[in-house]
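Read off the chains here:
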Amino acid sequence: MGARTGRRRPAPAPEAAAVAPPVRPSGYGAVFLNVGACGSFGRTRSTEVSGKGERAAARVVARHDGATRDGPPCPPAAGFVPHISERWLAADEDGDGMVPRGHACMRNLQPPHPGDPGGGGGPRTVVGDCVYALDGGKVREAACDGSGPRKPEFKVTKAVDARSTCPASTALYVRLGGASPVGCAVPV
């Protein structure tokens, strides 16, 4: 009897490996320190954490890409502004190796709130804040209640368009920025 001459069935083609698109995290972490995200306090920088966790210390109230000087100012209620740089590889939200530069305007979840008027800190000086004078015509904020490391010397009582519209009791003019860029300050 003769040998069978049959056709061999071709081997099945290997299935193409399914390539899933990268999964972007949802909730906190979708964009590093995005508006509404929470951060913990660290010695050198903020770390994003769940806003429900015990490490949460502050919430982002505004976030801007680019340098602080290039973007809009933080809202007056912000207490501090961590700067986001490309070196924070742990903050790479989509795995592409890049973290957009920018800054986050943050507010403490619990008091004290240094960005509140009279609180002694924050990224902007506003009406109700107290300041002390430095050399060269500069000022720094101080807690109005005297609880900070420096005692207040002046209190900003009014914001106006020009120095000439400040009250006669004004002893110091403070640069505020915004629509009414001049702060009229009186001794405390």
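See the structure above.
Residues numbered from 1 in each chain as written. Predicted model: local features only at pLDDT ≥ 70, side-chain atom pairs only at ≥ 80, totals over all residues. Heavy atoms only, no water.

J.: Which residues make up the overall build of the protein chain, and what values do they have?
T.: Secondary structure summary: the protein chain contains zero helices and 10 strands in total. When the helices and strands of the protein chain are placed in sequence order, the string is β-β-β-β-β-β-β-β-β-β. Evaluated residue by residue, the protein chain yields a buried proportion of 33% over its 188 residues. Contacts in the protein chain between residues at least 24 apart in sequence constitute 45% of all its contacts with a sequence separation of at least 6. Accessible area for the protein chain stands at about 12400 Å²; split by element, carbon and sulfur atoms hold 53% of it. (Helix = DSSP H or I, 4+ residues; strand = E, 2+ residues; numbered from the N terminus. Buried < 20%, exposed > 50% of the residue type's maximum accessible area, 1.4 Å probe, protein only. Contact = heavy atoms within 4.5 Å. Areas by Shrake-Rupley, 256 points an atom, 1.4 Å probe, with all protein chains shown as cover.)

J.: Go over the side chain of His113 with me, naming the residues and quoting the values.
T.: Position of His113 among the secondary structure elements: in the loop between strand E5 (102–108) and strand E6 (130–133). Here the side chain of His113 touches Asn108 through a polar contact of 3.3 Å, landing on its backbone oxygen. (Polar contact = N/O pair within 3.5 Å; in protein donor to acceptor, adjacent residues only side chain to side chain.)

J.: So what about the side chain of Arg63? Which residues, and what values?
T.: Examined against the element boundaries, Arg63 turns out to sit in strand E3 (residues 58–65). Only 2.7 Å separates the side chain of Arg63 from the side chain of Asp65, close enough to count as a polar contact.

J.: Account for the state of the cysteines, naming residues and giving values.
T.: Under the criterion given, the structure shown has three disulfides. The side chain of Cys74 participates in a disulfide bridge whose partner is Cys105; the two sulfur atoms lie 1.9 Å from each other. Around the S-S axis, the bridge from Cys74 to Cys105 shows a dihedral of about -75 degrees and counts as left-handed. Placement of the pair is Cys74 in the loop between E3 and strand E4 (83–84) and Cys105 in strand E5, with a sequence separation of 31 residues. With a relative accessible area of 5%, Cys74 lands in the buried category. In this structure Cys105 comes out as buried when scored by relative accessible area, which is 0%. What connects to what in the protein chain, once the bonded cysteines are numbered by sequence position, is 1-2, 3-4, 5-6. (Disulfide = S-S within 2.5 Å.)

J.: How would you explain the pattern of salt bridges if you had to name every residue and give the values?
T.: According to the stated counting rule, one finds two salt bridges in the structure shown. For Asp65, the salt bridge is made with Arg63, and the minimal N-O distance between the two is 2.7 Å. Overall, the relative accessible area of 52% leaves Asp65 in the exposed class. (Salt bridge = Lys/Arg side-chain N within 4 Å of Asp/Glu carboxyl O.)

J.: So what's going on with unusual backbone geometry? Which residues, and what values?
T.: That bond from Pro111 to Pro112 is cis: its omega, 5 degrees, falls within 30 degrees of zero. Along the chain, Pro112 turns up in the loop between E5 and E6.

J.: Can you explain the pairing of strand E7 (residues 139–142)? Please cite residues and give values.
T.: One ladder, built from four bridges, connects E6 with E7; its direction is antiparallel. In the strand pairing of E7, Val131 is matched with Glu141. Where E6 folds back on E7, the antiparallel hairpin that results is connected by five residues, among which Gly136 adopts a positive phi of roughly 80 degrees. (Pairing = 2+ DSSP bridges.)

J.: Help me get a handle on the environment of Gly36, residues and values and all.
T.: Locating Gly36 in the fold gives a position in the segment before strand E1 (38–40). Under the relative-accessibility criterion, Gly36 is labelled partly exposed at 35%. Note: C-alpha distance between Gly36 and Ala58 (22 residues apart in sequence) is 9.6 Å. When sequence neighbours within four positions are dropped, the list of residues in contact with Gly36 reads Arg59 and Val60.

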